[in-house]
Amino acid sequence: MRVTLCKHRVALTLMLSSILTACGGGSGNSPNSDQTNSSSSSSESSISSSLSSTSEESSSSVSSATSDSSSSESTSQSSTDDASSSSEQASSSSQATDVVELNQVQIAAVAGGGAQFSIRLPEKKDAVHLFARRNGQQDYVVNDIQSDSARVTDHGDGSYTYQVTRSDGYQDGDLIEARIYTYQPDSGQIFYPGPADNTWVELTYSADAVTDPVDGGASSSSADSSSEGSSSSLPSSEYTEGGYVPDYDPGYEPQSVGGVMPLFHQGTPLEAVIRYETEDAVVTRFSDRARDRHAKEDQFQQYDHYLSFYWEHRTASVEIVDKVAKGGSTVRMNVRTEWRLNDTEAENRWFYIGRNTVAEFCDNGTMEVLDDLNYYKERSHNCREGRAIQIGDKLEFEISQFLDPSVPNGRAPYYGTTYLYIVGEGMVPWDVGGTTPAGGIKDSVPIPRRAWLGGDTTIHANTSGEPHNRFMQMATNLGYENAQPFVEGRRLLHSSFDDGTHDENVTENPVYEEVVGMAGPRYINEACTDCHVRNGRAVPESIGEHLDKWVFRVADADANAHPALGHVFQGEANSGADSEGEVFIASWTEENGLRSPNFEFSGVTPERFSGRIAPAMVGLGLLEAIPEEAILALEDPDDADGDGISGRAHLGRGPRKRRNPSGPVWLESR
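Here is a short report on the structure shown in this document. Bear in mind that the values here come from a model prediction, so they are computed numbers and not experimental data.

Calculation notes
- Residues numbered from 1 in each chain as written.
- Predicted model: local features only at pLDDT ≥ 70, side-chain atom pairs only at ≥ 80, totals over all residues.
- Heavy atoms only, no water.
- Pairing = 2+ DSSP bridges.
- Helix = DSSP H or I, 4+ residues; strand = E, 2+ residues; numbered from the N terminus.
- Axes fitted to C-alpha atoms, helices over the stretch in contact; angles between N-to-C directions.
- Buried < 20%, exposed > 50% of the residue type's maximum accessible area, 1.4 Å probe, protein only.
- Salt bridge = Lys/Arg side-chain N within 4 Å of Asp/Glu carboxyl O.
- Phe/Tyr/Trp six-rings, centres within 6.5 Å; stacked < 30°, edge-to-face > 60°.
- Lys NZ or Arg CZ within 6 Å of the ring centre and 35° of its normal.

## So, the sheet that holds strand S25 (residues 418-422)
The strand order across the open sheet formed by five strands is S18-S17-S23-S25-S26, and the pairing between neighbours is antiparallel. At either margin of the open sheet sits one strand with a lone partner, and together these are strand S18 (361-363) and strand S26 (426-428). For this sheet, the mean angle separating the axes of adjacent strands, direction not counted, is 45 degrees. By the bridge criterion, three bridges tie S25 to S26 in an arrangement that is antiparallel. Its bridge partner lying in S26, Leu420 is registered against Val428.

What follows is the structure in structure tokens.
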């Protein structure tokens, strides 16, 4: 199911305006190498390598691999491993063992096309998840095995076996692969047979060499595993919930208001909402872009800016399916990218702890792969609190877009935006304050709703030391399909319509050939950002300085197009055309504490003119969403309410270049 998604219909504004994490470092291709892995140092980072199953294991009916680890979980049980290894080997090709060797993932073929997956561990785990692939494609997932007593065996010596049986799904020759994720507060999160995403235990299925299921493991068919409970099979090709589009009236015919036709009205086709509810989940759908560093690192100032080729393959669409909100036990995050991610670094970091760095999360790990562009992560355990996920939990996350090295332009490894999701509620803008439960610094706290100056579009606080880049950020609730149009529109905004150069990373970003030569022969500025610097408003220049970030509407004495200047004064020229001159502030007139500029033209002075300074581009979409009727209702030309303020609304579309209207609605009051 593929549905277009964004907030209320503001596509043009999303493309041409901006409204308004932890440091795992991956495994070698991080933008700036981090010294501390985001995972707990006593867990995932302690696992230095893993043993892949051998060809003999792959051809046998039982396959296993040991996590090659120096963690306390392994070392504390080394003597137990040695003592029990001989008694825990498979007794025959037709009968699996009662128990399995410590820290080993085992796969056993089961008659009828099934397979049994098991692991024996030296301690009880708070979370155990199984991931299995068939012929290289992941098609089976069981979450929270520890929650089903029928799948857990307590051996009485402190060790536990976790096992699941899939009753069917395999044929002769199928390659079965498995890996298991575990979590326990003391030892942290550990992947078996190893932390690398490309490390799996293998078994080639053969109906001639099957075993009976190990006693103590409850069988479950692939159909059962997707029903209620803590286990779930991998979602089908329609694994996302899809977007929800509100109703609208396609037969509605809008009427002119104050001489202006409304852009948006009850007949406007709407795009999908950001957040909606189903019977069993709260669904949130939005989009993200790649980042250079992490949100809370104020020492680099490399989070809010845009790197080279930001418009190519470096956005992602994200869907959060929160079943905890409706009484379930899991939160799943589905991620769709524009380019394949690196096999070992497709990280989606959850639950900020901030002990060793301000970019440290306790649940790192790579996402599970559906195909080259679709990934997901699903959890029921909150490693930050050491318990099951509950309504009200702060799920801070960062999706790292560490691209596959085959990406054609720019560098491959990137991080992502840091978001704060409140379980059962939704996305919220955040600030930092206080400590985490783990004793870390700069914990994220929701910004009070009364301070959301942009409503749901409000972005998080400036925590990276980059106040000058705030207006250039994507809205927190940018729609599911809109990150890519946003960055493509942003490239247009930052490109010269004269020679096509980009105003950032000039030596790396290529010329935008499609806009070369579009400025002229007369114009005001060659790029949008020449007036709207960093998406902000312009400021009055000093007396005598050319006002090159202003638009001057001009006319003759009868308010018609000026015979020499037309409708708009244009001070720049190319292709042999003559400039229309300059406009500057000659002096200021002050009255009752207010001052007004006195303009002077260096060339032809029009009989009538009106100067408009470049406004901030932040919030223009929100402004467009205000009904024209609501603006007109606020008119008070005669100060009827006696508040000392009188004014009349002037609705229009502008500024204009000759007779070609462009830009959003502008408002003028006096």
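## Here's the deal with the pairing of strand S5 (residues 127-134)
With seven of eight residues buried, S5 lies mostly within the body of the structure. Pairing of S5 with strand S9 (residues 175-184), which is carried by eight bridges, proceeds in the antiparallel orientation. Counterpart to His129 in the pairing with S9 is Tyr181. As paired elements, S5 and strand S6 (residues 137-142) share five bridges and run antiparallel to each other. Within S6, the position partnered with Arg133 by the bridge is Gln138. The loop that links S5 with its antiparallel partner S6 comprises two residues; one of these, Asn135, has a positive phi angle of about 55 degrees.

## Looking at the pattern of salt bridges
Throughout the structure, instances matching the rule amount to 31 salt bridges. The partner of Lys442 in a salt bridge is Asp298, with the nearest N and O atoms 3.5 Å apart. Note that Lys442 is positioned in the loop between strand S27 (430-432) and strand S28 (444-446) and Asp298 in the loop between strand S14 (282-291) and strand S15 (315-322), a separation of 144 residues in sequence. Judged by relative accessible area, Lys442 falls into the partly exposed class, the value being 24%. As a salt-bridge pair, Asp304 and Arg470 come within 2.8 Å of each other at their nearest N and O atoms. Of the two residues, Asp304 sits in the loop between S14 and S15 while Arg470 sits in the loop between S28 and helix H5 (483-493), which places them 166 residues apart along the sequence.

## Comments concerning the packing of aromatic side chains
When we look at a pair of aromatic rings, we describe it by the centre distance and by the angle of the planes. Across all of its chains, the model carries 21 aromatic pairs by this definition. Both rings, one in Tyr352 and one in Phe361, keep their centres 5.8 Å apart while their planes meet at 80 degrees; by these two values the pair is edge-to-face. You'll find Tyr352 and Phe361 in the same group, each marked buried. Both rings, one in Phe552 and one in Phe601, keep their centres 5.9 Å apart while their planes meet at 70 degrees; by these two values the pair is edge-to-face. Here the residue Phe552 occupies a position in strand S30 (residues 550-555), and Phe601 occupies one in strand S33 (residues 594-601), the gap between them amounting to 49 residues. The same class applies to Phe552 as to Phe601, namely buried. Taken together, the aromatic side chains of Trp550, Phe552, Phe569, Phe599, Phe601 and Phe609 make up a single cluster linked through ring pairs. Sitting above the plane of the Tyr170 ring, Arg166 keeps its charged end 5.0 Å from the centroid.

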